[in-house]
Protein chains: 2
Amino acid sequence: MDEYYMHEALKEAKKSYKADDVPVGAIIVMNNKIIAKAHNKKEKNKNAIEHAEILAISKACKKLNTWHLEKCTIYVTLEPCLMCAGALIQSRIGKLVYATNNEKFGYVESIDNILNDKKNNHHPIIVKNICREESQILLKKFFKDKRN
Amino acid sequence: MDEYYMHEALKEAKKSYKADDVPVGAIIVMNNKIIAKAHNKKEKNKNAIEHAEILAISKACKKLNTWHLEKCTIYVTLEPCLMCAGALIQSRIGKLVYATNNEKFGYVESIDNILNDKKNNHHPIIVKNICREESQILLKKFFKDKRN
């Protein structure tokens, strides 16, 4: 099922791509049901906060009418940044599944693994490299287009 | 002027207090003008994302129609958490002024100083202990009420 949900997240990422935003999508799943979908809208909405994960967490909280997402899994096409890793902790998300690493800004494996840090009060399960190549191809295509 | 703006942030914090949310307020200032005010609405809106800083940054981006807040200062009544520290980096905020530390969750001095970390690509100016006692009194009163 991880691949199925990650494909849904990749569909979201393609919406960012079309809007000239870094293609990142996120899906939140509870009891095998998608409860939130979002994609990166930072450039489109000119808003530093509007990463896919933040928007998906906010939607999931509204849907469930609680800020506790312990029973939820977030699928995201790129390793979360510091802000989004913090948001995963804030929402007590149960599980994080992501497609590929983010060498420059990722805070789950690349710069640091802040989600495993004992200094924090919440440690979601982490699964990585689901649909890795598909996400990498999409990101590389985006940055190549940008350079041209 | 720091005290003046922090008092405005404290007024915001009192709105959270009244709504039974941890009293934290934030103000964003550019060219000596307040461009955004917000307060913590996590419990009120049952949303893990709705910390004062996130809401203030989002409002400031909307107001200025850009995600670049280099010329802005954020005044916040409590040391930012990991998510909010990440949001300050994302928005490239120029300066952070805060009232008091957050022993359990603060990521600017208490748990770690992530904003000074060379691994990140942005390092705002940091000023602390502005109206410290006022903010501490408000927070202590809130948690004392909660226990009773």
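What counts and what doesn't
- Residues numbered from 1 in each chain as written.
- Chains lettered and ligands numbered in written order.
- Predicted model: local features only at pLDDT ≥ 70, side-chain atom pairs only at ≥ 80, totals over all residues.
- Heavy atoms only, no water.
- Least-squares fit on C-alpha atoms with pLDDT ≥ 70 in both.
- Contact = heavy atoms within 4.5 Å.
- Buried area = accessible area lost by both parts, 1.4 Å probe.
- Helix = DSSP H or I, 4+ residues; strand = E, 2+ residues; numbered from the N terminus.
- Nonpolar A, V, L, I, M, F, W, Y, C, P; charged D, E, K, R; others polar.
- Axes fitted to C-alpha atoms, helices over the stretch in contact; angles between N-to-C directions.
- Parallel < 35°, antiparallel > 145°, perpendicular 65-115°, else oblique.
- Left-handed = near helix turned anticlockwise from the far one by under 90°.

Copies of the same chain, two in number, are related to each other by a rotation about an axis and a translation along it. Once chain B is rotated about the relating axis by 180 degrees and shifted along it by 0.0 Å, it coincides with chain A to within an RMSD of 0.0 Å. Here the symmetry operator amounts to a two-fold rotation axis. Identified as the residue of chain B closest to the rotation axis by C-alpha distance is Met83(B), at 2.2 Å. A shared binding surface is used by both copies, with 100% of the interface residues of chain B retained as interface residues in chain A.

Contacts between chain B and chain A engage 31 residues on the former and 31 residues on the latter. Summed over the three residues of chain B that lose the most area to chain A, namely Lys46(B), Trp67(B) and Gln90(B), the buried surface amounts to 23% of that side. Among the elements of the structure, helix H2 (52-64) and helix H3 (82-90) of chain B are those that each provide at least two residues to the side of chain B that touches chain A. The greatest single-element share of the side of chain B that touches chain A, amounting to six residues, is contributed by H3(B). Of the residues in the side of chain B that touches chain A, the class split is 15 nonpolar, ten polar and six charged.

Take the packing of helix H2 (residues 52-64) of chain A against helix H3 (residues 82-90) of chain A next. Residue and element names in this part refer to chain A. Contact geometry for H2 and H3: axes closest at 9 Å, N-to-C directions at 20 degrees. Classified by the interaxial angle, the pair formed by H2 and H3 is roughly parallel. Two packed elements cross with a definite hand, and for H2 against H3 that hand is left-handed. Here Glu53, Ile54 and Ile57 of H2 lie close against H3, whose contacting residues are Met83, Cys84, Ala87 and Leu88. In the contact of H2 with H3, the residues fall into six nonpolar, no polar and one charged.

Read these as spatial facts, not as claims about activity.
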